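Descriptive analysis of the structure
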Amino acid sequence: MRKIELEIVALSHSITQTHSYAVVLGEVNGLRRLPIVIGGFEAQAIAVALEKMQPSRPLTHDLMKNFMSAFNIELHEIIISDLQEGIFYSKLVCSSDNDTIEIDSRTSDALALAVRFGCPVYTYEHILESAGIMMEDTGTSKRRRGEEEQPHPISSGNKDDLKSMTLEDLETLLSEVLEQEDYIRAIAIRDELNSRRK
């Protein structure tokens, strides 16, 4: 399978769900985005590395990097390899002096290590097809010119409300929440759209 390279484009706090974050991966040289819900600790671990902050004592992922470096283990790449029931599965591709192995990992931990090692992140086409969100090239919403912006009936984005909406309304709402960078709500809307299209 051909691997598609991704990069971290945003780390977003959920407006609607307390203690939830989304790390948003963008397709390199492409318009697709892959939002992944992660916990607060994992979001902090990624943010610390992205901002190149130096904590006074090593965080867990810093300890892991130090441990790997001490034993000459290199992290070559991260592969987001599977998606089952909304859960992403990842692998760390590592090598030592005489062996290359793949190690199972939570995606949030894999991303925290990828930022620290500066290694590439990949996924496969079928994962981007099922869980990705297409961004518009112009960065503008899909609303037609001349239409007035109407407040949307869904403010909470809970699943029961999404089920009562038409496909067109869901598409419009998805554009709106992406403009607001509320990736947690975007994930719920995307999942509802995908379930109806099957």
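Computed from a predicted structure; not experimentally measured. (Residues numbered from 1 in each chain as written. Predicted model: local features only at pLDDT ≥ 70, side-chain atom pairs only at ≥ 80, totals over all residues. Heavy atoms only, no water.)

1. Observations concerning the nonpolar core
As a rule of thumb, nonpolar side chains are buried together in soluble globular proteins. We apply this condition: For our purposes a nonpolar core is just a set of buried Ala, Val, Leu, Ile, Met, Phe, Trp, Tyr and Cys residues, chained together by side-chain atoms within 4.5 Å. Burial here depends on accessible area, computed with a 1.4 Å probe over protein chains only, as a share of the maximum for the residue type. Under 20% is buried, over 50% is exposed, and the range in between is partly exposed. Numbering of helices and strands starts at the N terminus; helices are DSSP runs of H or I of at least 4 residues and strands are runs of E of at least 2. Only heavy atoms enter the contact rule, under which two residues are in contact if any of them lie within 4.5 Å.
Core analysis: the biggest nonpolar cluster contains 27 residues, and Leu25, Leu34, Ile36, Leu75, Ile78 and Ile80 have the highest contact counts within it. Elements represented by at least two residues in this core include exactly β1 (3-13), β2 (21-27), β3 (32-38), α1 (40-50), β4 (74-84), β5 (87-95), α3 (107-117) and α4 (125-131). By residue number, the principal contributor to this core is α3, which donates 5 residues. When near neighbours in sequence (up to four residues on either side) are disregarded, Leu25 contacts Leu6, Glu7, Ile8, Val9, Arg32, Arg33, Leu34, Ile36, Ile80 and Leu111. Of all hydrophobic cores here, the second largest spans 16 residues; its members include Val24, Leu162, Leu174 and Leu178.

2. Some thoughts on the sheet that holds β2
To keep things clear, this is the line we draw: DSSP calls a pair of strands paired once it identifies at least 2 bridges connecting them.
Strand order in this open sheet of 8 strands is β6-β5-β4-β7-β1-β2-β3-β8, and the pairing throughout is mixed. In this open sheet, the two edge strands, each paired with only one partner strand, are β6 (100-106) and β8 (133-134). Pairing of β3 with β8, which is carried by 2 bridges, proceeds in the antiparallel orientation. Across the sheet, Arg32 pairs through a bridge with Met134, a residue of β8.

3. Description of helix α2 (residues 60-70)
The test is simple: The directions considered for the arc are those from the helix axis to the C-beta atoms.
Among the residues making up α2, those that are buried are His61, Asp62 and Met68. Take α2 and look down its axis: the buried residues cluster within an arc of 125 degrees, on one side only. The exposed residues of α2 that point more than 90 degrees off its buried face are Leu63 and Ala70. On the buried face of α2, the contacting elements are α1, β4, β5 and α3.

4. Regarding the confidence of the model for the protein chain
The cut-off we apply is this: What pLDDT reports is the predictor's confidence in each residue, on a scale of 0 through 100.
Across the protein chain, the average pLDDT comes to 83, with 85% of residues at or above 70. For the protein chain, helix α5 (residues 159-163) is the element with the lowest average pLDDT, namely 72, and strand β7 (residues 121-124) is the one with the highest, namely 98. Taken together, the stretch residues 138-158 has pLDDT below 50 and engages in 25 contacts with residues farther than four places along the chain or on a different chain.

5. Some words on the packing of aromatic side chains
Selection criterion: Between rings of Phe, Tyr and Trp, where Trp is taken as its six-membered ring, a pair exists when centres lie within 6.5 Å; planes separated by under 30 degrees are stacked, by over 60 edge-to-face, and by other angles tilted. Both a distance and an angle decide whether a charge sits over a ring: NZ of Lys or CZ of Arg must be within 6 Å of the ring centre and within 35 degrees of the ring normal.
Scanning all chains against the criterion turns up 1 aromatic pair. Here Phe67 and Phe71 contribute two aromatic rings whose centre-to-centre distance is 5.1 Å and whose plane-to-plane angle is 45 degrees, an arrangement assigned as tilted. When the ring centre of Tyr122 is taken as origin, the NZ or CZ atom of Lys3, which lies over that ring, is 4.7 Å away. Sitting over the ring of Phe117, Lys65 keeps its end group 5.6 Å from the ring centre.

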